[in-house]
Amino acid sequence: MQNWGDLPEAPIRLEHLDAGYGEIHDGWVHTKTVPFGIIAQAVEGTYIVRTPRGLITASDGEVFITPPNMPLEITHRCRPDTKRMMIRFAHFRFSFMGAVDLFDLYDPTGSSDRQAGLVYGDLIQRMLDIKAQEQGLSFPNWAHKSMLAFRLLGLVLDSSVPREGYETRLAQLQQIQPLLTFIVQHIGQPLDIATLLSHCNYSRSALFSLFRSAFGQTPMEYVKSQRLGAAFRKLITTSLPVAEIAGETGFANSFHFSREFKARFHKTPTEVRKENGIWREKTAGYPRG
């Protein structure tokens, strides 16, 4: 049995977390593709979510759950008797060893029943209560937020399904993890195949084969996806100029960055930042539980 006093480095890392609350007008449609998971509760009213995998609905206490990088069309419907829609949500990214999104290994369920939704909603509300009281960096608050986030993750994983070939894929990720960590830690620096090969013990053909098996991507496609995800998070969590974000995430110039960004997320960096500002205005209230 593992001695809990000598645990290795935690394999799951919390890298992005946000929570919000708001009242949304009837019929508002929000389209987006984001590099983080979403848990959203329809406190009152109904979510109608169109995804490439099908339609998801969540009403009056239920939640919908979607993985990162999935195109979403979210329609908001007011409850007929109250004539309003109230929502609360959490956005999150958990990674395996800081290199791979955890939902590259699991498929979350699309929605919950009302009983489970109430548990999710309570955890999100507790995050909102902390957010409302925060002033600057507080280690106790960070510990409490992390605890709540990992409780949310536990609930999501309990109802999720491991992706096909999970065991094989996990072994591949563990095998290549040092190289993935190198990529993440040097995301803003020039990276090419020669550089990657110099930091691993694979031949060129073996490296390409491993990345295609583990990610369905070439090594450089994987690098680009990591850069774009990091850039998206910087756009919505900082006020850095777009050109500076492009440079920090390894893109040669703003034009190249914007072209690749729009191809992945279907909107320009400026559009994403503007829409995120509008979204934050809609979800700026932090009600007490």
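J.: What is the right way to read the overall build of the chain from this model?
T.: A count of helical and extended segments in the chain gives nine helices and eleven strands. The globule rule puts the C-alpha radius of gyration for 289 residues at 19 Å, and the 20 Å found for the chain is close to it. Taken along its principal axes, the extent of the C-alpha atoms in the chain is 65 × 55 × 40 Å. Within the chain, residue pairs in contact and separated by at least 24 positions form 74% of the contacts whose partners lie at least 6 positions apart.

J.: Looking at this model, I keep getting lost on the pattern of salt bridges. Mind explaining?
T.: Note that side chains of opposite charge can pair when their charged atoms are close. Per the stated rule, a full pass over the model turns up 14 salt bridges. For Arg93, the salt bridge is made with Glu15, and the minimal N-O distance between the two is 2.8 Å. Here Glu15 lies in strand 1 (residues 12-24) and Arg93 lies in strand 8 (residues 85-96), a separation of 78 residues in the sequence. Exposure remark for Glu15: the relative accessible area of 35% places this residue in the partly exposed category. With its nearest N and O atoms 3.2 Å apart, the salt bridge here joins Asp107 to Arg53. Within this pair, whereas Asp107 is found in strand 10 (residues 106-107), its partner Arg53 is found in the loop between strand 4 (46-51) and strand 5 (54-59), the two being separated by 54 residues in sequence. On the basis of relative accessibility, which here comes to 53%, the residue Arg53 falls in the exposed class. Taken together, the shared-partner salt bridges in this structure form one network comprising Glu15, Arg93 and Asp101.

J.: Honestly, the packing of aromatic side chains in this entry has me stumped. Any pointers?
T.: How two aromatic rings sit relative to each other is given by the distance of their centres and the angle of their planes. Under the criterion given, the structure shown has 14 aromatic pairs. Relative to Phe215, the ring of Phe211 has its centre 5.5 Å away and its plane inclined at 40°; by these criteria the two rings are tilted. Within this pair, Phe211 and its partner Phe215 are both found in helix 5 (residues 204-215), separated by four residues, close to a single helical turn. A relative accessible area of 0% places Phe211 in the buried class. Taking the centre distance of 4.6 Å and the plane angle of 35° together, the rings of Phe215 and Tyr222 count as tilted. The two residues Phe215 and Tyr222 agree in class, both being buried.

J.: Sorry, what's going on with the environment of Tyr222 here?
T.: Tracing the chain through its elements places Tyr222 in helix 6 (residues 219-237). Exposure remark for Tyr222: the relative accessible area of 2% places this residue in the buried category. When the C-alpha atoms of Tyr222 and Leu210 are compared, they prove to be 12 Å apart, with twelve residues separating the residues in sequence. Setting aside residues up to four positions removed in sequence, Tyr222 forms contacts with Ala99, Val100, Leu180, Ile183, Phe211, Phe215 and Gln217.

J.: Got a minute to help me understand the pairing of strand 8 in this structure?
T.: For a regular strand, side chains alternate in direction, first toward one face of the sheet and then toward the other. By the criterion of burial, strand 8 is predominantly enclosed, with twelve of the twelve residues buried. The two faces of strand 8 match: Met85, Ile87, Phe89, His91, Arg93 and Ser95 on one face and Met86, Arg88, Ala90, Phe92, Phe94 and Phe96 on the other face are all buried. In this sheet, strand 8 lies alongside strand 1 in antiparallel orientation, the contact comprising twelve bridges. Paired with Ala19 across the two strands is Ala90, which belongs to strand 8.

J.: Honestly, the nonpolar core in this entry has me stumped. Any pointers?
T.: Proteins that are soluble and globular tend to have nonpolar side chains buried together. Grouped together as the largest cluster of nonpolar side chains are 47 residues, with contacts concentrated most on Ile39, Leu179, Leu180, Ile183 and Phe211. Among the secondary structure elements, those contributing two or more residues to this core are strand 1, strand 6 (63-66), strand 8, helix 1 (114-133), helix 2 (139-158), helix 3 (166-185), helix 5 and helix 6. Broken down by element, the residue count for this core peaks at seven residues, all from helix 3. The residues contacting Ile183, other than those within four sequence positions of it, are Leu191, Leu196, Phe211, Tyr222 and Val223. Judged by nonpolar contacts, the second largest core, of 31 residues, contains Phe36, Met70, Ala246 and Val272.

J.: What am I meant to see in the side chain of Ser160 here?
T.: As for its placement among the helices and strands, Ser160 is situated in the loop between helix 2 and strand 11 (161-162). For Ser160, a relative accessible area of 10% puts it in the buried group. When near neighbours in sequence (up to four residues on either side) are disregarded, Ser160 contacts Phe103, Tyr106, Asp107, Pro108 and Thr109.

J.: Where do I start with the environment of Phe215 in this structure?
T.: Relative accessible area serves as the criterion here: at 15%, Phe215 is assigned to the buried category. For Phe215 and Arg169, which are 46 residues apart along the polypeptide, the C-alpha to C-alpha distance reads 8.9 Å. Sequence-distant contacts of Phe215, defined by excluding residues within four places in its chain, comprise Val100, Arg169, Leu173, Leu180 and Tyr222.

What counts as what
Residues numbered from 1 in each chain as written. Predicted model: local features only at pLDDT ≥ 70, side-chain atom pairs only at ≥ 80, totals over all residues. Heavy atoms only, no water. Helix = DSSP H or I, 4+ residues; strand = E, 2+ residues; numbered from the N terminus. Rg over C-alpha atoms; globule rule 2.2 N^0.38 Å. Contact = heavy atoms within 4.5 Å. Salt bridge = Lys/Arg side-chain N within 4 Å of Asp/Glu carboxyl O. Buried < 20%, exposed > 50% of the residue type's maximum accessible area, 1.4 Å probe, protein only. Phe/Tyr/Trp six-rings, centres within 6.5 Å; stacked < 30°, edge-to-face > 60°. Pairing = 2+ DSSP bridges. Core = buried A, V, L, I, M, F, W, Y, C linked by side-chain atoms within 4.5 Å.

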